[in-house]
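For reference, the chains in residue letters:
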Amino acid sequence: MSFEAPLALLGLLIVPGLVLLYVLRERRRARSAERFASAALLPGVVDRSPRFRRHLPLAVLVAAFALMVVGVARPHAIVSEGREEATVVLVVDTSRSMSATDVVPSRLGAARGAAEAFLGTIPEKFRVGIVAFASLAVVTLPPTEDRQLAAEALATLRNGEGTALGDAVVLAAELGQKERRDDGTVPPTSVLLISDGAPDGGEIEPLEAARRAKELEVPVSTVVVGTPEGTVEAPLEGGYTQVIRVPPEPDTLREISEVTGGEHFTAADPEALRAVYEDLGSRLGSRDVEREVTNAFAGGAVVLLLAGGALSALWLRRMP
């Protein structure tokens, strides 16, 4: 929390002074009572002691004063608010390694299924675009609010060769920038990239792509999918088949997220992948903004003032 007028907080120094004055007054009052009355006779004069009730109204009023002082300092807090609109570009790796079945039914199949679930976690007004990449990065679906079109586009994804990772990041970042509001401004854009490893081909290096995305103020969140046991089969001459190990390689994806200000996740199975999508969907649906919260403190002070006055009137009205 920050304050627009922090010097006003010096008024809080009055609070311990008030408490000290009250304690001294209570001690002086107790000594006066001892001088004019016998302690043995007090139970017959007062049926019961007010105990904490005597102090509670003042404590409430002091707390109200403290809230008023904080309110005068004009506090600001970071609060979460729902986004009205935004563009989310899903970038899906369709290279040969994504055909590995270490994640059921395959890495690509799990990514596709979880992405479909992800569509249901973001606000309806969000536009969703889809970019697929193997040896080339292509726009499978321009940004749209039509979730059915998005689901159909995901269903068309098929495995290819190569991993043009950097090309896909730049294409996705620029795709979101083509969207315009009625006033000509660009709504916020986020990219969600799911892949299992290092780049293989393409014209743009991944870190150069990350720097371009950062310049466009487009955060790229990455999800690495797969397990160290993943393998794919490659046909050889003579009818033979070669088994190739394709463990996930998350380092490049992690660096892309760090450079662009996105998040990085690891999903070794469909359930973990679905949880990642749900988490990102809830994050994209809101944003953190700084707002002045003076009214909240002023309202709290008023409530405490009324409560303190009511307690004083109800509990202490018969006390001398």
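Here, the structure is the one placed above.
Which residues make up the environment of A153, and what values do they have?
Note that A153 resides in helix α5 (residues 147–155). Along the backbone, A153 and I130 are 23 residues apart, and their C-alpha atoms lie at a distance of 7.6 Å. Once you skip the residues sitting within four places of it in the chain, A153 turns out to touch I130, T140 and L141.

Please provide a residue-by-residue account of the sheet that holds strand β6 (residues 189–195), values included.
Read from one edge to the other, the open sheet built from 6 strands follows the order β5-β4-β3-β6-β7-β10, with strand pairing classed as mixed. Every interior strand has two partners, whereas the edge strands, β5 (137–144) and β10 (264–267), have only one. Taking each pair of neighbouring strands and ignoring which way they run, the sheet shows an average axis angle of 15 degrees. Direction of pairing for strand β3 (residues 87–93) relative to strand β4 (residues 127–133): parallel, over a ladder of 7 bridges. Each residue of the ladder has a partner; that of D93, found in β4, is F133. Here α5 sits on the sheet in contact with β4 and β5, set at roughly 165 degrees to β5. In this fold helix α8 (residues 251–260) packs onto β6, β7 (220–225) and β10, with an angle of close to 165 degrees to the strand it touches most, β7.

Help me get a handle on the pattern of salt bridges, residues and values and all.
For the structure shown, the criterion picks out 6 salt bridges. A salt bridge links D102 to R107, with the shortest nitrogen-to-oxygen separation between them at 3.0 Å. Owing to a relative accessible area of 23%, D102 belongs among the partly exposed residues under this scheme. Of the residues examined, R107 reaches a relative accessible area of 0% and is grouped as buried. R107 serves as the salt-bridge partner of D196, at 2.7 Å between the closest nitrogen and oxygen. Placement of the pair is D196 in the loop between β6 and α7 (206–215) and R107 in helix α4 (residues 107–119), with a sequence separation of 89 residues. In this structure, D196 and R107 share a single accessibility class: buried. The network of salt bridges with shared partners includes D102, R107 and D196.

Describe the environment of G299, with residues and values.
Considering the arrangement of structural elements, one finds G299 in helix α10 (residues 294–315). The exposure class of G299 is partly exposed, given its relative accessible area of 32%. Considering only alpha carbons, one finds G299 and G71, 228 residues apart in sequence, at a separation of 9.4 Å.

So what's going on with the nonpolar core? Which residues, and what values?
Counting 28 residues, the largest nonpolar core has L90, F118, L119, I130, L154, I194 and V223 as its most contacted members. When contributions to this core are tallied by element, the ones reaching two or more residues are β3, α4, β4, α5, β6, β7 and β10. The element best represented in this core is α4, accounting for 6 residues. By size, the runner-up hydrophobic cluster in this structure holds 22 residues, among which are A168, V191, L193 and I256.

Kindly report on the pairing of β7, identifying the contributing residues and their values.
Among the 6 residues in β7, 6 count as buried, and that is most of the element. Side-chain alternation along β7 places V220, T222 and V224 on one buried face and S221, V223 and V225 on a second face that is also buried. With α7 bridging β6 and its parallel neighbour β7, the resulting β-α-β unit is right-handed. Pairing geometry for β7 and β10, over 4 bridges, is parallel. Bridging from a neighbouring strand, T222 pairs with H264 of β10.

Definitions and limits used
- Residues numbered from 1 in each chain as written.
- Predicted model: local features only at pLDDT ≥ 70, side-chain atom pairs only at ≥ 80, totals over all residues.
- Heavy atoms only, no water.
- Helix = DSSP H or I, 4+ residues; strand = E, 2+ residues; numbered from the N terminus.
- Contact = heavy atoms within 4.5 Å.
- Pairing = 2+ DSSP bridges.
- Axes fitted to C-alpha atoms, helices over the stretch in contact; angles between N-to-C directions.
- Salt bridge = Lys/Arg side-chain N within 4 Å of Asp/Glu carboxyl O.
- Buried < 20%, exposed > 50% of the residue type's maximum accessible area, 1.4 Å probe, protein only.
- Core = buried A, V, L, I, M, F, W, Y, C linked by side-chain atoms within 4.5 Å.
- Right-handed = clockwise from strand over helix to strand, strands pointing away.

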